[in-house]
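So you can see what is in the structure, the chains are spelled out below.
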Amino acid sequence: MDNSAWSPRAPSERILMALKMQGALTSAQLGHRLETTGEAARQQLQKLAEDGLVAEERRASGRGRPAVWWHLTDKGHARFPDSHAALTVDILRSISEVLGDAARDKVIAAREATTRRLYEAEMTGCASLAARVAKLAELRSAEGYMAHAEACEDGSLLLIENHCPICAAASHCQGFCRAEQAVFEAVLGEEAAVKRVEHIVSGGRRCTYVISPAGAPGEAGR
């Protein structure tokens, strides 16, 4: 099959495609593949690195200076269509149509239970609410949510998720969002009140949760 008909024309896009298809490459290897010079490829790579689309790694190659290899970052991978999102939505829709919404809800509940057990195990030793929120942000970030925790002057904490890797599924069925908040409430404990104040699925730039000690002044009105 001749792939030239659909290959990107811009040099930068051709580099992204080559790294996607071949994995990490040196600028010299990219130059050879793109029928240009290694220096020209390196200049394009530096521009892509400034945009956060590629990153370099140095590999020892015997004597002399380590060789520089380039690979796609998560942002670079995101430039390509994600067929898994559509597949996930199709599966959820099929479960509802064939087995009913109750079966779909059981699948979501099973995922919720598994996630809760994993988080609880990882939080062993986190005595304070702040420590649990920090660990939760770490776990969520490892799952692709680009999460971090912040402390507020009023004593509350923020759990901020800048990305939603299950956005397509959550948009199709917001039971996922309800289940995730239920997990947060369970693993943070009864002494914590959790309220979502920003929501990607509802059009927000990110998902943000305000986490306050239960009974704290102003908590009920958040």
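Each remark here, short or long, concerns the structure printed above.
As the structure is a prediction and not an experimental result, all values here were calculated from the model. (Residues numbered from 1 in each chain as written. Predicted model: local features only at pLDDT ≥ 70, side-chain atom pairs only at ≥ 80, totals over all residues. Heavy atoms only, no water.)

A. Up close: the overall build of the protein chain. Secondary structure assignment for the protein chain yields nine helices and seven strands. For 222 residues, the compact-globule formula gives about 17 Å, and the C-alpha radius of gyration of the protein chain, at 23 Å, lies well above that figure. Per-residue burial over the protein chain gives 35% buried out of 222 residues. For the protein chain, long-range pairs separated by at least 24 residues make up 46% of all intrachain contacts whose partners lie at least 6 apart in sequence. (Helix = DSSP H or I, 4+ residues; strand = E, 2+ residues; numbered from the N terminus. Rg over C-alpha atoms; globule rule 2.2 N^0.38 Å. Buried < 20%, exposed > 50% of the residue type's maximum accessible area, 1.4 Å probe, protein only. Contact = heavy atoms within 4.5 Å.)

B. View of the environment of Leu34. Along the chain, the position of Leu34 falls in the loop between α2 (27-33) and α3 (38-50). Taking C-alpha positions, Leu34 is 46 Å from Tyr119, a pair spaced 85 residues apart along the chain. For Leu34, the residues in contact, after removing those within four places along its chain, are Pro11, Arg14 and Ile15.

C. Region of the structure containing the packing of helix α7 (residues 129-145) against helix α9 (residues 175-188). Where α7 meets α9, the axes come as close as 10 Å, and the angle between the chain directions of the two elements is 145°. Helix-helix and strand crossings are classified by hand; for α7 and α9 the assignment is right-handed. Here Leu129, Arg132, Val133, Leu136, Arg140 and Tyr145 of α7 lie close against α9, whose contacting residues are Glu180, Phe184, Val187 and Leu188. Tallied by class, residues from the contact of α7 with α9 come to seven nonpolar, no polar and three charged. (Axes fitted to C-alpha atoms, helices over the stretch in contact; angles between N-to-C directions. Left-handed = near helix turned anticlockwise from the far one by under 90°. Nonpolar A, V, L, I, M, F, W, Y, C, P; charged D, E, K, R; others polar.)

D. Representation of the packing of aromatic side chains within the structure. Following the criterion strictly, the structure yields one aromatic pair and no others. Ring plane angle 85° and centroid distance 5.0 Å describe the contact between Phe184 and Tyr209, whose orientation is recorded as edge-to-face. One end of the pair, Phe184, is in helix α9; the other, Tyr209, is in strand β7 (residues 207-213), and 25 residues separate them in sequence. Given the relative accessible area of 1%, Phe184 is considered buried. Classification of Tyr209 by relative accessible area gives buried; the value is 2%. A cation over a ring is seen here: Arg59 above Trp69, with NZ or CZ 4.3 Å from the ring centre. In this arrangement the basic side chain of Arg140 is found over the ring face of Tyr145, its NZ or CZ atom lying 3.7 Å from the centre. (Phe/Tyr/Trp six-rings, centres within 6.5 Å; stacked < 30°, edge-to-face > 60°. Lys NZ or Arg CZ within 6 Å of the ring centre and 35° of its normal.)

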